[in-house]
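Read off the chains here:
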2 protein chains.
Amino acid sequence: MLFWRFYQSNLMMELSDIREAYDRIKENIVKTPVMTSTTIDGMTGCEVYFKCENFQRVGAFKFRGSFNTVSQLTKDERKRGVIAHSSGNHAQALALAARILGVHATIVMPQNSPAVKVAATKGYGAEVVFCENTTESRASVANELVETHGFTLVHPYNDHRIIAGAGTAALEFIEEVGQLDYIFCPVGGGGLLSGTSIASKGLCPNSKVIAVEPQNADDAYRSFKANKIFPSVNPNTIADGLRTQLGELTFEVIKKHVDDIILVTEQEILDSMRLFWERMKLVVEPSGAVALAGLLKMSEGFSDYKIGVIISGGNIDLSEFFEIYSKLIT
Amino acid sequence: MLFWRFYQSNLMMELSDIREAYDRIKENIVKTPVMTSTTIDGMTGCEVYFKCENFQRVGAFKFRGSFNTVSQLTKDERKRGVIAHSSGNHAQALALAARILGVHATIVMPQNSPAVKVAATKGYGAEVVFCENTTESRASVANELVETHGFTLVHPYNDHRIIAGAGTAALEFIEEVGQLDYIFCPVGGGGLLSGTSIASKGLCPNSKVIAVEPQNADDAYRSFKANKIFPSVNPNTIADGLRTQLGELTFEVIKKHVDDIILVTEQEILDSMRLFWERMKLVVEPSGAVALAGLLKMSEGFSDYKIGVIISGGNIDLSEFFEIYSKLIT
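What you see is a predicted model, and the numbers here were worked out from it, not measured in a lab.

Visitor: Which residues make up the relation of the copies chain A and chain B, and what values do they have?
Guide: Of the two same-sequence chains, chain A is brought onto chain B (RMSD 0.0 Å, axial shift 0.0 Å) by a rotation of 180°. The operation mapping one copy onto its partner corresponds to a two-fold rotation axis. When C-alpha distances to the rotation axis are compared across chain A, the minimum falls at Leu282(A), with a value of 2.6 Å. Residue by residue, 100% of the interface of chain A is reproduced at the interface of chain B, so both copies engage with the same surface.

Visitor: Got a sec to walk through the domain arrangement of chain A? Specific residues and values, please.
Guide: All names here are of chain A. In terms of domain boundaries, chain A breaks down into domain 1 (13-60 + 160-315) and domain 2 (63-153). Counting residues at the interface gives 25 residues for domain 1 and 17 residues for domain 2. The three residues of domain 1 that bury the most area against domain 2 are Arg24, Val58 and Arg161, which together make up 41% of that side's buried surface. Here domain 1 is connected to domain 2 by three salt bridges. Here Asp240 makes a salt bridge to Lys117, at a shortest N to O gap of 3.9 Å. The tally of links from domain 1 across to domain 2 stands at eight residue pairs in polar contact (both at pLDDT 80 or more). The set of elements that each furnish at least two residues to the side of domain 1 that touches domain 2 consists of α2 (15-25) and α9 (160-177). Looking at the side of domain 1 that touches domain 2, the element that brings in the most residues is α9, giving eight residues. Grouping the amino acids of the side of domain 1 that touches domain 2 by side-chain chemistry returns 11 nonpolar, six polar and eight charged.

Visitor: Describe the sheet that holds strand β8 (residues 208-214) of chain A, with residues and values.
Guide: By definition, the strands of a sheet pair up through backbone hydrogen bonds, in either a parallel or an antiparallel sense. Residues and elements named next belong to chain A. Spatial strand order, β1-β2-β10-β7-β8-β9: six strands in an open sheet with mixed pairing. Unpaired on one side and paired on the other, β1 (34-35) and β9 (260-264) mark the two borders of the sheet. Alignment of β8 against β9, held across five bridges, turns out to be parallel. Within β9, the position partnered with Ala211 by the bridge is Ile261. Packed onto the sheet, helix α11 (residues 219-226) meets β8 and β9 and runs at close to 145° relative to β9.

Visitor: Any details on the pattern of salt bridges? Residues and values, ideally.
Guide: For the structure shown, the criterion picks out 30 salt bridges over all chains. Here Lys225(A) makes a salt bridge to Asp260(A), at a shortest N to O gap of 2.9 Å. Residue Lys225(A) is located in helix α11, and its partner Asp260(A) is located in strand β9; the two are separated by 35 residues in the primary sequence. Exposure remark for Lys225(A): the relative accessible area of 48% places this residue in the partly exposed category. A salt bridge links Arg19(B) to Glu175(B); the shortest N-O distance between them is 2.8 Å.

Visitor: Just give me the short version of unusual backbone geometry, but keep the residues and values in it.
Guide: All names here are of chain A. Phi is positive for Asp304, which is not a glycine, with a value near 65°. Inspection of the secondary structure assignment puts Asp304 in the loop between α14 (286-298) and β10 (306-311). Residue Asp304 is classed as exposed on the basis of its relative accessible area of 70%.

Visitor: Please provide a residue-by-residue account of the packing of helix α4 (residues 62-70) of chain B against helix α9 (residues 160-177) of chain B, values included.
Guide: All names here are of chain B. At their nearest, the axes of α4 and α9 sit 7 Å apart, and the two run at 130° to each other. Of the possible angle classes, the one that applies to α4 and α9 is oblique. For the element pair α4 and α9, the recorded crossing hand is right-handed. Touching Arg64, Gly65, Ser66, Asn68 and Thr69 of α4 are Arg161, Ile162, Ala164, Gly165, Ala166, Thr168, Ala169 and Glu172, all from α9. For the contact of α4 with α9, the class distribution of residues is four nonpolar, six polar and three charged.

Visitor: Describe in detail the environment of Thr152(B), supporting the description with residues and values.
Guide: All names here are of chain B. Positionally, Thr152 belongs in strand β6 (residues 152-153). Take Thr152: its relative accessible area is 13%, and that puts it in the buried class. Those residues in contact with Thr152, other than ones at most four positions away along the chain, are Leu73, Glu77, Gly81, Val82 and Ile83.

Visitor: Please give an account of the sheet that holds strand β9 (residues 260-264) of chain B that cites residues and values.
Guide: Residue and element names in this part refer to chain B. The strand order β1-β2-β10-β7-β8-β9 describes an open sheet built from six strands, whose pairing is mixed. Strand pairing shows two members of the sheet lacking a second neighbour, β1 (34-35) and β9, which therefore form its edges. Sheet contacts for α9: β1, β2 (47-52), β7 (182-186) and β10 (306-311); angle to β2, the most-contacted strand, approximately 140°.

Visitor: So, the packing of aromatic side chains: which residues are in play, and what are the values?
Guide: Applying the stated criterion across every chain, the model contains 13 aromatic pairs over all chains. A centroid spacing of 5.7 Å and a plane angle of 45° characterise the contact between Phe63(B) and Phe67(B), whose relative ring orientation is tilted. Taken together, the residues Phe63(B) and Phe67(B), both in helix α4 and four residues apart, mark about one turn of the helix. With a relative accessible area of 0%, Phe63(B) lands in the buried category. With a relative accessible area of 3%, Phe67(B) lands in the buried category. Between Tyr182(B) and Phe184(B), the aromatic rings sit 6.1 Å apart at their centres with planes inclined by 25°, giving stacked as the arrangement. Taken individually, Tyr182(B) and Phe184(B) each receive the classification buried, so the pair is uniform in this respect. An aromatic cluster of at least three residues, connected via ring pairs, comprises Tyr182(A), Phe184(A), Phe302(A) and Tyr305(A). The lysine or arginine in question, Arg222(A), covers the ring of Phe230(A), its NZ or CZ lying 4.9 Å from the ring centre.

Visitor: Break down the confidence of the model for chain A for me, citing the residues and quoting the values.
Guide: All names here are of chain A. In this model, chain A carries an average pLDDT of 93, and 96% of its residues clear a pLDDT of 70 or more. In this model, residues 1-10 is a region of pLDDT below 50 whose contacts with residues beyond four sequence positions or in other chains number zero contacts. Model confidence for the complex: the whole-complex pTM is 0.92, and ipTM, which rates the interface, is 0.90.

Visitor: Can you lay out the interface of chain A and chain B for me, pointing to particular residues and giving the numbers?
Guide: Contacts between the two partners involve 24 residues from chain A and, on the opposite side, 24 residues from chain B. Together, the buried faces of chain A and chain B total about 2,200 Å²; carbon and sulfur atoms form 72% of this surface. One can count zero salt bridges joining chain A with chain B. The tally of links between chain A and chain B comes to eight residue pairs in polar contact (both at pLDDT 80 or more). Elements with a contribution of two residues or more to the side of chain A that touches chain B: α13 (266-280) and α15 (318-328) of chain A. The leading source of residues in the side of chain A that touches chain B is α15(A), at six residues. Tallied by class, residues from the side of chain A that touches chain B come to 14 nonpolar, five polar and five charged.

Visitor: Provide a residue-level description of the side chain of Thr69(B), including the pertinent values.
Guide: Residue and element names in this part refer to chain B. Examined against the element boundaries, Thr69 turns out to sit in helix α4. A residue is classified by how much of its surface remains accessible, and Thr69, at 0% relative accessible area, is buried. Among the polar contacts listed, one links the side chain of Thr69 to the backbone oxygen of Gly65, at a separation of 2.8 Å. Aside from chain neighbours lying at most four places away, what touches Thr69 is Val154, Arg161 and Ile162.

Visitor: Pulling in residues and values, what's your account of helix α7 (residues 115-123) of chain A?
Guide: An α-helical turn contains 3.6 residues, so any two residues separated by three or four positions project in the same direction. All names here are of chain A. Restricting attention to buried positions, one finds in α7 the residues Lys117, Val118 and Thr121. The buried residues of α7 occupy an angular sector of 100° when projected down its axis, which confines them to one face. Count one or two residues on from α7 and you reach Gly125, which has phi positive near 95°.

What counts as what
Residues numbered from 1 in each chain as written. Chains lettered and ligands numbered in written order. Predicted model: local features only at pLDDT ≥ 70, side-chain atom pairs only at ≥ 80, totals over all residues. Heavy atoms only, no water. Least-squares fit on C-alpha atoms with pLDDT ≥ 70 in both. Contact = heavy atoms within 4.5 Å. Domains from an automatic or database assignment. Buried area = accessible area lost by both parts, 1.4 Å probe. Salt bridge = Lys/Arg side-chain N within 4 Å of Asp/Glu carboxyl O. Polar contact = N/O pair within 3.5 Å; in protein donor to acceptor, adjacent residues only side chain to side chain. Helix = DSSP H or I, 4+ residues; strand = E, 2+ residues; numbered from the N terminus. Nonpolar A, V, L, I, M, F, W, Y, C, P; charged D, E, K, R; others polar. Pairing = 2+ DSSP bridges. Axes fitted to C-alpha atoms, helices over the stretch in contact; angles between N-to-C directions. Buried < 20%, exposed > 50% of the residue type's maximum accessible area, 1.4 Å probe, protein only. Parallel < 35°, antiparallel > 145°, perpendicular 65-115°, else oblique. Left-handed = near helix turned anticlockwise from the far one by under 90°. Phe/Tyr/Trp six-rings, centres within 6.5 Å; stacked < 30°, edge-to-face > 60°. Lys NZ or Arg CZ within 6 Å of the ring centre and 35° of its normal. pLDDT = per-residue confidence, 0-100. Arc of directions from axis to C-beta.

Structure representation (structure tokens):
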């Protein structure tokens, strides 16, 4: 029983983990700006602050966790190199973190990945290995390379070091703007949400942490309500960063620190992207607009709260946007 | 002769005019962020800083000059109201400045103005009066209203107060980043360029001020080279804010303080918009991307300079962008 308690408390991350991560990464990340909008304040009747991780290196919060992880590898692990399977922001974040720290990175990507993402990943110095277009193939190709070369596999979210790094965005945010009543954060695999909730509850114990998820990828919502992890099955959302399912570590943190998970429609995500674009002059990717969509949905009846919203990233190229735009105008 | 000298020196504006304007407006403007990009540093071999006036109130630097102007009107002038003819950022900037200061604003707009711009101007509390779609009609309708109602006509750039207000962006910029070797600024009517050049030469006497103009609206370039003002005839550029011609006041300042004017093509403007979008996650209007286009054109052979670039505004709605985008991909 004593052992069990020790094990539990050891598992459960704390604000100090995030502070330590921050000390590790602060010289290499962008201290991203916090922005406001009188339009959105007017729409919600609240004082709303946006933490702009779309301005982070590689265009998303992911760099914080990757750098925190790679910088903690042993000398031997660094020498052997790191690997990830991803076609998204995690791939680029790990590639850049590895390059800065002088570590070889291999990224396994599906053959049908957009050329622009492959080029960007290679541009950060990673070696790209292609696999078939299935989740199984990605994992098996990566595992084979781990076995052959002794690479360290870096999971995109189900890892203490990734979570602690991700939480540094909320740490910076709250230290800059002060106590918040609510903090809105997107949820996919739960890495950003876990880190955000630990930082929020640590720094503002009275704040409510609201996770926002696309209705068309509602596995975290259902998991949270049913108290067991549901897989993400055929998620059909433009918010490509949020199609993943919760991990065991992130689920534990979320159960403890998150107050609620709410759902938003595809149209609500698109409308929020448009607001960012037209009123705040910010390029935000669909996943990055989800938290604002949740705030706008929930804010009926809100007034005078001080609210933080995390913009998780801004990686959307013109051709993607063109496709999304054609949906917007229908 | 003495009188003439007195008159001249009185005409010529100084850094102190900009500092006074700043004291007048600082509580009501956004102190816009300065951003950087490792990609653009890499492309130019320089250290490049961007002053983001796309984040200014109404989405453009114009608010600085409007607020500075309206706040200096006499009690009687304020009571009678202000007027402008514009379908662009000046209209919205004047409308908002007037509303904040409790002054009635009338904006004369061509009948074919985009509905979104009319709505935005009304949204800031201005009365919109429509005219025919010619420059002559705009001026004559405005002048009639001035005669009938005693409104004060606020010129978009050929006014000391507008120039001094516009110059506060460069004042903030240089006070934040320190001495610059070069500063790149777009030129249309020359209000922003005049203010920027006065601030730059006042604060960094060794800096070079480079104005950038669309090749398809090269009247300022020709005026600068020939030492007389050429009119802007049928300017065919997507940079709609830069289709105007120099004014007498702005030309005097530009001749004194600007080191060179260079031209950029439409494609170069589009490419810079895309760079802002994809690499810096910034929504920048075509006119706002012109200075970067100029830097990229001129920077061959540059190295290790510390460079400032003014992003003048970010007002471009999705439908406009859609049209521009279709040009981009050809």
